[in-house]
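One letter stands for each residue in the lines below.
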Amino acid sequence: MKEYQSLKLIATSSPHIRAPQTTKTLMRHVVVALLPALAFACVNFGLRALCVSAVSVAGCVFFEWAYRTLMKKPGSIGDFSAVVTGLLLAFVCPVQIPYWMILIGDFFAIVIVKQLFGGIGCNFVNPALAGRAALLASYAGVMTTWAEPFSDTVPVIGSLADVATTATPLAMLKGGAFAELSSQYTVLDMFVGGIPGSLGEVSALCLLLGGLYLLCMDVISWHIPVSYIGTVAVLTYLFPRGAENLPWMLYNVLGGGLILGAFFMATDYATSPVTKKGQVIFGIGCGLFTVLIRYFGAYNEGVCYSILVMNLFVALIDKYAKPKRFGAAEAGKEAAAK
């Protein structure tokens, strides 16, 4: 009895399993994985790419600190989640976006989408993509204007009126100019990243390196990226438009934000299914919506809205994709009636 009385029993809520990885370490891994794409963006678009990313990160960190301070809640900027949101939001915006505009996107992503719903883990859609959607709805002209790669015409500070702009590969695909696109940008250009587009989405090579890093560090699993990219690849290969199957598929997979979205946004813990089966269903749904938007929608890109739409189905997917308990069997009506 004395030994029992000397035990210190701690009553806590589940889960009781501890893992060496914390939110802070996971977010640090994501930041490291994004660095190759950020470095290439600086080479592709100049120093302004780094400045836009820095302003976006600073804005997200400030808004999270300010909100939680005003609401008298524990500080959370140390978990690096706001840093990741700031980087990802900058990555899906044009490099010539005004600094004040990216701060509006930061406020929407952190305060409206994340903190008002309870903070990290409680948001039901991806904050960075929601911020981008808000900016696109409010400032469509700026959000659909793209700087030429390697042109050095985007100033760090000053007027953006003289920035040389051009159409993205997806816009050319949408307009039926595949022959012009293939003559202007090769598949290697698409893979390496010497193309116009959002700040951090142009280099499939750098994004794949970051995605492989996350897989090796066990931050994400392969189920969502493979099912997402695979669905887009299969559909675009089977249903090409004005081009041969393989080239059409490659330009669709390597163009736009598919690689960035598949590895870094669709895999967000809070807004993706828990089970492996559910993750595959989620990835297939994202791929299907992406192709439908690209083929039949008025918008050239479909990654942002496809992930946001599938975020809304995560609870339903988790409900019907949960695994069966070991040893459990469905009871018949007669047994249930007893």
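It should be noted that the structure appears before, not after, this text.
Scope of this entry: the structure provided in the associated data block. (Residues numbered from 1 in each chain as written. Predicted model: local features only at pLDDT ≥ 70, side-chain atom pairs only at ≥ 80, totals over all residues. Heavy atoms only, no water.)

Here's the deal with the environment of Leu170
In this structure, Leu170 sits in helix H8 (residues 169-174). According to the relative accessible area criterion, Leu170 is buried, its value standing at 6%. Sequence spacing of Leu170 and Arg294 is 124 residues, and the spatial spacing of their C-alpha atoms is 8.4 Å. Among all residues touching Leu170, those that are not within four sequence positions of it are Asn252, Gly255, Gly256, Arg294, Asn300 and Glu301. (Helix = DSSP H or I, 4+ residues; strand = E, 2+ residues; numbered from the N terminus. Buried < 20%, exposed > 50% of the residue type's maximum accessible area, 1.4 Å probe, protein only. Contact = heavy atoms within 4.5 Å.)

Remarks on helix H12 (residues 223-238)
End to end, H12 covers 22 Å across 16 residues, agreeing with the expected 22 Å (1.5 Å per residue, within 8%). Turning to H12, its buried residues are His223, Ile224, Pro225, Ser227, Tyr228, Ile229, Thr231, Val232, Ala233 and Thr236. On its buried side, H12 packs onto helix H13 (245-254), helix H14 (258-265), helix H15 (276-296) and helix H16 (303-311). (Expected span 1.5 Å × (residues − 1).)

Focus: the side chain of Glu201
Looking at the secondary structure, you find Glu201 in the loop between helix H10 (187-192) and helix H11 (204-216). Buried Glu201, no salt bridge; nearest opposite-charge side chain is Arg132, N-O distance 5.9 Å. A polar contact of 3.3 Å, which involves the side chain of Glu201, links it to the backbone nitrogen of Ser198. At 3.5 Å, the side chain of Glu201 forms a polar contact with the backbone nitrogen of Gly257. What Glu201 contacts, discounting residues up to four positions off in sequence, is Phe91, Leu207, Gly256, Gly257 and Leu260. (Lys, Arg positive; Asp, Glu negative; His and termini not counted. Salt bridge = Lys/Arg side-chain N within 4 Å of Asp/Glu carboxyl O. Polar contact = N/O pair within 3.5 Å; in protein donor to acceptor, adjacent residues only side chain to side chain.)

Describing the nonpolar core
In globular proteins that are soluble, nonpolar side chains generally tend to be buried together. Within the largest apolar cluster, 86 residues are counted, with the highest numbers of intra-cluster contacts made by Tyr228, Leu260 and Phe264. It is helix H2 (residues 23-45) that provides the largest number of residues to this core, a total of 11 residues. With near-sequence residues (within four places) excluded, Leu260 lies in contact with Leu34, Leu88, Phe91, Val92, Gly200, Glu201, Leu207 and Met265. Core analysis: the next-biggest nonpolar cluster, separate from the first, contains six residues, Tyr67, Ala82, Ile110 and Val111 among them. (Core = buried A, V, L, I, M, F, W, Y, C linked by side-chain atoms within 4.5 Å.)

Thoughts on the side chain of Thr267
With respect to the helices, strands and loops of the structure, Thr267 is situated in the loop between H14 and H15. Overall, the relative accessible area of 10% leaves Thr267 in the buried class. A polar atom in the side chain of Thr267 sits 2.7 Å from the backbone oxygen of Phe263. Setting aside residues no more than four positions away along its own chain, Thr267 makes contact with Ile220, Ile224, Pro225, Ala262 and Ser272.

Considering the packing of aromatic side chains
Under the defined criterion, the tally for this structure stands at 10 aromatic pairs. A centroid spacing of 4.9 Å and a plane angle of 75° characterise the contact between Phe117 and Phe124, whose relative ring orientation is edge-to-face. Here Phe178 and Trp248 contribute two aromatic rings whose centre-to-centre distance is 6.0 Å and whose plane-to-plane angle is 45°, an arrangement assigned as tilted. Highlighted residues: Phe178 in helix H9 (residues 178-184) and Trp248 in helix H13, separated in sequence by 70 residues. There is no split in this pair, since Phe178 and Trp248 are both buried. A connected cluster of aromatic rings, assembled from ring pairs, spans Phe178, Trp248, Tyr251, Tyr295 and Phe296. (Phe/Tyr/Trp six-rings, centres within 6.5 Å; stacked < 30°, edge-to-face > 60°.)

Let's talk about unusual backbone geometry
You will see that Lys72, though not glycine, has its phi angle at about 55°, which is positive. Here Lys72 falls in the exposed class, since its relative accessible area comes to 77%. With a phi angle near 70°, Phe80 is a residue other than glycine that sits in the positive phi range. Inspection of the secondary structure puts Phe80 in the loop between helix H3 (48-70) and helix H4 (81-91). The exposure class of Phe80 is partly exposed, given its relative accessible area of 26%.

Quick notes on the state of the cysteines
Applying the stated rule across the entire model yields zero disulfides. Its sulfur unpaired, Cys42 is 8.3 Å from the next cysteine sulfur, which belongs to Cys51. For Cys42, a relative accessible area of 22% puts it in the partly exposed group. (Disulfide = S-S within 2.5 Å.)

Observations concerning H11
Its 13 residues give H11 an end-to-end C-alpha distance of 18 Å, which sits within 8% of 18 Å, the value for a rise of 1.5 Å per residue. Taken together, the buried positions of H11 are occupied by Ala204, Cys206, Leu207, Gly210, Gly211 and Leu214. Across the axial projection of H11, the buried residues extend over an arc of 165°, all falling on one side. Contact partners of the buried residues in H11: H2, H10, H13 and H14. Count one or two residues on from H11 and you reach Asp218, which has phi positive near 60°. (Arc of directions from axis to C-beta.)

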